[in-house]
Amino acid sequence: MDRPEFYRFHQGDRVLPFEAQEYDARLAGLRASMDEAGVAACVLTSMHNIAYYSGFLYCSFGRPYALVVTETESVTISAGIDAGQPWRRCHGDNITYTDWARNNYWRAILSVTGEGRTIGYEGDHLTLVQRDLLEDFLKPLVMVDMAPATMRQRMHKSAAEIALITHGAQVADVGGHAIRDAIREGVREIDVAMAGRDAMELEIARRFPDAEYRDTWVWFQSGLNTDGAHNPVTSRRLQRGDILSLNCFPMISGYYTALERTLFVGEVDDASLKIWEANVAAHEYGMSLLKPGARCSEVTQEINAFFAMRELLQYRTFGYGHSFGVLSHYYGREAGLELREDIDTVLEPGMVISMEPMLTIPEGLPGAGGYREHDILVITEEGAENITGYPYGPAFNVV
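Bear in mind the structure is a predicted one, so any value in this text is a computation, not a measurement.

1. A closer look at the pattern of salt bridges
Working step 1: Summed over the entire model, instances satisfying the criterion amount to 24 salt bridges.
Working step 2: Arg 206 is paired through a salt bridge with Glu 203; the nearest N and O atoms lie 2.7 Å apart. Of the two residues, Arg 206 and Glu 203 both sit in helix α8 (residues 189-207), 3 residues apart, roughly one turn of that helix.
Working step 3: For Arg 206, a relative accessible area of 57% puts it in the exposed group.
Working step 4: On the accessibility criterion, Glu 203 (12% relative accessible area) is buried.
Working step 5: When the shortest N-O distance is used, the salt bridge between Glu 356 and Arg 372 registers 3.2 Å. In this pair, Glu 356 is assigned in the loop between β14 (352-355) and β15 (358-361) and Arg 372 in strand β16 (residues 369-372), connecting sequence segments 16 residues apart.
Working step 6: Through salt bridges with shared partners, a single network forms among Arg 333, Glu 338, Arg 340 and Asp 342.

2. Topic: the layout of surface pockets
Working step 1: Taken as a whole, the largest pocket encloses approximately 390 Å³ of empty space.
Working step 2: Around the largest pocket, the lining comprises 19 residues; the ones closest to its centre are Tyr 97, Thr 98, Asp 99, Ala 101 and Asn 103.
Working step 3: Listing elements by their share of the lining of the largest pocket, those giving two or more residues are α4 (104-113) and α5 (128-138).
Working step 4: When residues of the lining of the largest pocket are assigned to their parent elements, the largest contribution, 3 residues, is made by α4.
Working step 5: Considering only residue class, the lining of the largest pocket consists of 10 nonpolar, 6 polar and 3 charged.

3. Notes on the sheet that holds strand β12 (residues 259-264)
Working step 1: Within the open sheet, the 3 strands sit side by side as β8-β9-β12. Their pairing is antiparallel. The outermost strands of the open sheet, each flanked by one partner alone, are β8 (217-222) and β12. On average, each strand axis in the sheet is inclined to that of its neighbour by 15°, with strand direction left out of account.
Working step 2: With 6 bridges joining them, β8 and strand β9 (residues 243-249) adopt antiparallel strand pairing. Residue Ser 222 lies in a different strand from β9, and its bridge partner there is Leu 244.
Working step 3: Lying on the sheet, α8 is in contact with β8 and β9; it crosses β8 at an angle near 150°.

4. What to know about the packing of aromatic side chains
Working step 1: Within this structure, the stated rule accounts for 20 aromatic pairs.
Working step 2: Taken together through their ring pairs, the aromatic side chains of Trp 217, Trp 219, Phe 249, Tyr 256, Phe 324 and Tyr 330 make up a single cluster.
Working step 3: Above the face of the Tyr 52 ring, Arg 26 is positioned so that its terminal group lies 4.4 Å from the ring centre.
Working step 4: Between Arg 180 and the ring centre of Phe 396, over which it is positioned, the NZ or CZ distance is 4.0 Å.

5. What to know about the environment of Glu 185
Working step 1: Here Glu 185 is to be found in the loop between α7 (159-182) and α8.
Working step 2: C-alpha of Glu 185 to C-alpha of Arg 237: the two residues are 52 residues apart in sequence and 7.3 Å apart in space.
Working step 3: In this structure, Glu 185 is in contact with Leu 238, Gln 239, Arg 240 and Val 265, ignoring residues within four places of it in sequence.

Conventions we followed
Residues numbered from 1 in each chain as written. Predicted model: local features only at pLDDT ≥ 70, side-chain atom pairs only at ≥ 80, totals over all residues. Heavy atoms only, no water. Salt bridge = Lys/Arg side-chain N within 4 Å of Asp/Glu carboxyl O. Helix = DSSP H or I, 4+ residues; strand = E, 2+ residues; numbered from the N terminus. Buried < 20%, exposed > 50% of the residue type's maximum accessible area, 1.4 Å probe, protein only. 1 Å grid on protein atoms, 1.4 Å probe; cavity = no way out; pocket = protein on both sides within 12 Å on 5 of 7 lines; lining within 4 Å. Points joined across faces, edges and corners; volume = space filled by probe spheres on them. Nonpolar A, V, L, I, M, F, W, Y, C, P; charged D, E, K, R; others polar. Pairing = 2+ DSSP bridges. Axes fitted to C-alpha atoms, helices over the stretch in contact; angles between N-to-C directions. Contact = heavy atoms within 4.5 Å. Phe/Tyr/Trp six-rings, centres within 6.5 Å; stacked < 30°, edge-to-face > 60°. Lys NZ or Arg CZ within 6 Å of the ring centre and 35° of its normal.

Quick look at the structure:
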């Protein structure tokens, strides 16, 4: 049998999250950055960049994937195990590599890039092993890290992206209400989490009947388990007076959104209420600071001062917000758009960012637990639009 190193396997109808013009515009932006850097061919390997520029969100399972962009071509490189699915879900061409011989992946890439050219790559994603193979197979004249340029491009959302992100925020609200409805004494964290996840997946399927459904999840924590923002769900049963942390994360075609809220079961003691109200006040103050022209580091310092005046700053555990788009805890992060002391990015219209102050009071102190509120805001010409609808604060969230 003549077993090829790679081939094209195109079958079925193509369905993408956005119109072709959206991807053409993104590729035009990438090619402008490539031209500025003198890059002839860009080999993107991360889930977020491949999804952003082509629409295809891969499932690695130990196999490498790529999107190769040249002046005239855009070609996803996928494994034979996926058959025609990558082509149906990508903008541009698709090449399938086989596993009959090791490194057919790089032979497929080489068929698009050619040898001895200036190659762009993602320095924050390509492993040392794969970098060595890139050099062996493509024999680049020069290698240029294009990860910073792609991140800057992804930080500025198109109207189509903002529309999808807005849908995601609304789906998160649906999950939040389903979680609230499931809360009662004696119920396990996992049971409440599943109620929220199921509600969100059904809502995504209703809104996007032609999409692929994957990766939507809920973190729902109670008691001591609220001390960390990303603590996994357990089988702990809820008790009256428990502090709760609701965290809904719908995933739509690689786009991640979030809803996060503090709640209590049945009642809230005075010490906890005082801390909760302080965090809510910081949340509202922080949202008022998000507007075009604001600098991430300066917003951070303003909220730091707010907490310091109330002797609560020592209980802050991480930054106050981050960008949204093609990213999730599985992959990606637009590190240039985070509300931290060391990020000096200036907010501009079209950016999407969260406000999510969190205080963690250690066990043994009055009001022990983790308090967090989280809304998503779109920066506009005039200020910011809050696209999160689920209520925050004690009036609604003592269940």
